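Overview (structure and organization)
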Amino acid sequence: MRHTLDPEIIRCLDNLTQMQKLTPKGRRDIIVLLDLLEVEYGVSLTSRQAEMFINHLAETFRRLGRGEPAELMEATTAGQIRSFGGSGIVDQMMRDFCRITGNRFPISEEEYLKMYLSSLLSYGDR
């Protein structure tokens, strides 16, 4: 499934790993997700989009490692995510990512990841 990642994206991952803001497993998992987005779903991120997404994921993995999941999102925001036209695709992306990496996310973290994936999909449609 691998494709070649932008050198800026690799540099971002390397920096976060060297600063211990991202574990080596987290780094591998993010690469898996970026590959999945590109190869399976045709979502190509700019280095700026990828950097923001990577930072979000690094923070997610940090919170999970410390047992500090994000607060639940307000019901209206969560409802907007579920009503997003691509929510079936986003749900499938999350299932694929979790299946491939073995990660499991509390509902609060999953909501935020789905929100981010939804925004990346809608941005790609423009």
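Shown above is the structure to which this text applies.
Below or above, wherever it landed, is the structure these notes cover. (Residues numbered from 1 in each chain as written. Predicted model: local features only at pLDDT ≥ 70, side-chain atom pairs only at ≥ 80, totals over all residues. Heavy atoms only, no water.)

**Focus on the overall build of the chain**
Operational definition: What counts as a helix is a DSSP run of H or I of at least four residues, what counts as a strand is a run of E of at least two, and both are numbered from the N terminus. Surface exposure here means Shrake-Rupley accessible area, sampled with a 1.4 Å probe, where a residue is shielded only by the protein chains that are shown.
Helix and strand content of the chain: 6 helices and 0 strands. What you see in the chain, going N to C, is helices and strands ordered as α-α-α-α-α-α. Within the structure as shown, the chain displays about 7400 Å² of accessible surface, and the carbon and sulfur contribution to it stands at 50%.

**A look at the side chain of Arg63**
Heads up, the rule is: Exposure classes here rest on a 1.4 Å probe applied to the protein chains alone. A residue is buried below 20% of its type maximum, exposed above 50%, and partly exposed in between. Nitrogen and oxygen atoms within 3.5 Å of one another constitute a polar contact, given that in protein one can donate a hydrogen and the other can accept it, and given that sequence-neighbouring residues count only through two side-chain atoms. By the convention used here, residues are in contact when the closest approach between their heavy atoms is within 4.5 Å.
Examined against the element boundaries, Arg63 turns out to sit in helix α3 (residues 47-66). Residue class for Arg63 comes out buried when judged on its relative accessible area of 16%. A polar atom in the side chain of Arg63 sits 2.7 Å from the side chain of Glu109. Among residues more than four places away in sequence, those in contact with Arg63 are Glu68, Pro69, Ala70 and Glu109.

**So, the packing of aromatic side chains**
Condition: A pair of aromatic rings is counted whenever rings of Phe, Tyr or Trp (Trp by its six-membered ring) have centres within 6.5 Å, and the orientation is called stacked for planes under 30 degrees apart, edge-to-face for over 60 and tilted otherwise.
Counting across every chain of the model gives 3 aromatic pairs. When the centroid spacing of 6.1 Å and the interplanar angle of 15 degrees are considered together, the rings of Phe97 and Phe105 count as stacked. Here Phe97 falls in the buried class, since its relative accessible area comes to 1%. Aromatic ring contacts, followed pair by pair, group Phe61, Phe97 and Phe105 into a single cluster.

**A closer look at the environment of Ile31**
Position of Ile31 among the secondary structure elements: in helix α2 (residues 24-40). Put simply, Ile31 and Leu13 are 18 residues apart on the chain and 8.8 Å apart in space, counted from C-alpha to C-alpha.

**Some remarks on the packing of α2 against α3**
Condition: Helix axes are fitted only over the stretch in contact, all axes being lines through C-alpha atoms; the angle between N-to-C directions runs from 0 to 180 degrees. Orientation is classified from the angle alone, with under 35 degrees giving roughly parallel, over 145 giving roughly antiparallel, 65 to 115 giving roughly perpendicular, and any other angle giving oblique. Crossing handedness is defined as follows: a turn of the near helix away from the far one that is anticlockwise and smaller than a right angle gives a left-handed crossing, while the clockwise case is right-handed. Residues are grouped as follows: Ala, Val, Leu, Ile, Met, Phe, Trp, Tyr, Cys and Pro are nonpolar; Asp, Glu, Lys and Arg are charged; every other residue, Gly included, is polar.
As a packed pair, α2 and α3 sit with axes 11 Å apart at the nearest point and diverge in direction by 135 degrees. Looking at the two axes, α2 sits oblique to α3. Regarding α2 and α3, the two cross each other, and that crossing is right-handed. Taking contact as the criterion, the partners of Gly26, Asp29, Ile30, Leu33, Leu34 and Leu37 in α2 are, on α3, Phe53, Ile54, Leu57, Ala58 and Phe61. In terms of residue class, the contact of α2 with α3 is made up of 9 nonpolar, 1 polar and 1 charged.

**Structural notes on the environment of Asn55**
Turning to its location among the elements, Asn55 is positioned in helix α3. Accessibility expressed as a relative area gives 34% for Asn55, which makes it partly exposed. Sequence spacing of Asn55 and Leu13 is 42 residues, and the spatial spacing of their C-alpha atoms is 8.9 Å.

Geometry only, nothing functional implied.
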